[in-house]
Amino acid sequence: HIVEGADEQRYLLLADGRGWVFTHSGRDGRLLAQEATPEQLSEKKAGIQMMMEEANRMLEKDPALRQEVMKNPAVLEMMANPQMIQTAAENSASVASALRAQPGVESALSVDPTALAGSLREAAGDSK
């Protein structure tokens, strides 16, 4: 169900009926959400995988946001210790699914986690 609002604003009923979301930020007009296409709804993706894909799109569009995320202490800790990612994937089917969606990262984790950690730190602009 979709309710049209003023300007470009639309209100979308969540597919599981838990509530509503709005499509644009009231503060700056940025697009925050949009309705899923029938094709997207028919795909059987884990929620975490869909969130990871959306986060990736947001980071690609906004270099400042990407830099902010890459400087987050939790992200820096994870980049310094890829074993944390491996452990999370072993303990969570949704993390494993999200990791499988990134075959390059999954391969690097299994082949050379230390090199992956260096690549991630380099991408974050940290030369340690």
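To keep things clear, this report deals only with the structure shown in the data block. Bear in mind the structure is a predicted one, so any value in this text is a computation, not a measurement.

**Description of the overall build of the protein chain**
When helices and strands are tallied, the protein chain shows 8 helices and 3 strands. Reading the protein chain from its N end, one meets helices and strands in the order β-β-β-α-α-α-α-α-α-α-α. Here the protein chain holds 128 residues, and 17% of them are scored as buried. Accessible surface, the protein chain: about 9,300 Å² in total, of which carbon and sulfur atoms supply 56%.

**Regarding unusual backbone geometry**
In this structure, D7 takes a positive phi of about 50° despite not being glycine. We classify D7 as exposed; its relative accessible area is 82%.

**A short note on helix 5 (residues 83-91)**
Every buried residue of helix 5 is accounted for by I85, Q86 and A89. Buried residues of helix 5, viewed axially, fall in a sector of 100°; they line one side. Opposite its buried face, helix 5 presents the exposed residues E90 and N91, each directed more than 90 degrees away.

**As for the pattern of salt bridges**
Taken as a whole and assessed by the stated rule, the structure comprises 4 salt bridges. For the salt bridge of E4 with R10, the shortest nitrogen-to-oxygen distance reads 3.1 Å. Counted as one network, the salt bridges with shared partners bring together E4, R10 and E35.

**Overview of the sheet that holds strand 1 (residues 2-4)**
Reading across from one edge, 1-2-3 is the order of the 3 strands in this open sheet, with antiparallel pairing throughout. Edge positions in the sheet fall to strand 1 and strand 3 (20-22), since each has one partner strand and no second. For this sheet, the mean angle separating the axes of adjacent strands, direction not counted, is 20°. One ladder, built from 3 bridges, connects strand 1 with strand 2 (residues 10-13); its direction is antiparallel. The partner of E4 across the bridge, within strand 2, is R10.

**Focus on the pairing of strand 2**
Strand residues, when the strand is regular, have side chains that alternate between the two faces of the sheet. The antiparallel hairpin formed by strand 1 and strand 2 contains 5 residues in its connecting segment, where D7 sits at a positive phi of about 50°. Pairing of strand 2 with strand 3, which is carried by 3 bridges, proceeds in the antiparallel orientation. The partner of L12 across the bridge, within strand 3, is V21. Hairpin geometry of strand 2 and strand 3 is characterised by an intervening segment of 6 residues between the two adjacent antiparallel strands and by a positive phi of about 80° at G17.

**A word on the nonpolar core**
Counting residues in hydrophobic clusters, the biggest one holds 6 residues: I85, A89, A96, L99, L109 and L116. Elements that contribute at least two residues to this core include exactly helix 5 and helix 6 (93-100). With near-sequence residues (within four places) excluded, L109 lies in contact with P82, I85, Q86, L99 and L116.

**Topic: the side chain of H24**
With respect to the helices and strands, H24 occurs in the loop between strand 3 and helix 1 (38-42). Judged by its relative accessible area of 13%, H24 is buried. At a separation of 2.8 Å, a polar atom in the side chain of H24 contacts the side chain of T23. The residues contacting H24, other than those within four sequence positions of it, are E8, Q9, G29, R30, L31 and L32.

So, how was this worked out
Residues numbered from 1 in each chain as written. Predicted model: local features only at pLDDT ≥ 70, side-chain atom pairs only at ≥ 80, totals over all residues. Heavy atoms only, no water. Helix = DSSP H or I, 4+ residues; strand = E, 2+ residues; numbered from the N terminus. Buried < 20%, exposed > 50% of the residue type's maximum accessible area, 1.4 Å probe, protein only. Areas by Shrake-Rupley, 256 points an atom, 1.4 Å probe, with all protein chains shown as cover. Arc of directions from axis to C-beta. Salt bridge = Lys/Arg side-chain N within 4 Å of Asp/Glu carboxyl O. Pairing = 2+ DSSP bridges. Axes fitted to C-alpha atoms, helices over the stretch in contact; angles between N-to-C directions. Core = buried A, V, L, I, M, F, W, Y, C linked by side-chain atoms within 4.5 Å. Contact = heavy atoms within 4.5 Å. Polar contact = N/O pair within 3.5 Å; in protein donor to acceptor, adjacent residues only side chain to side chain.

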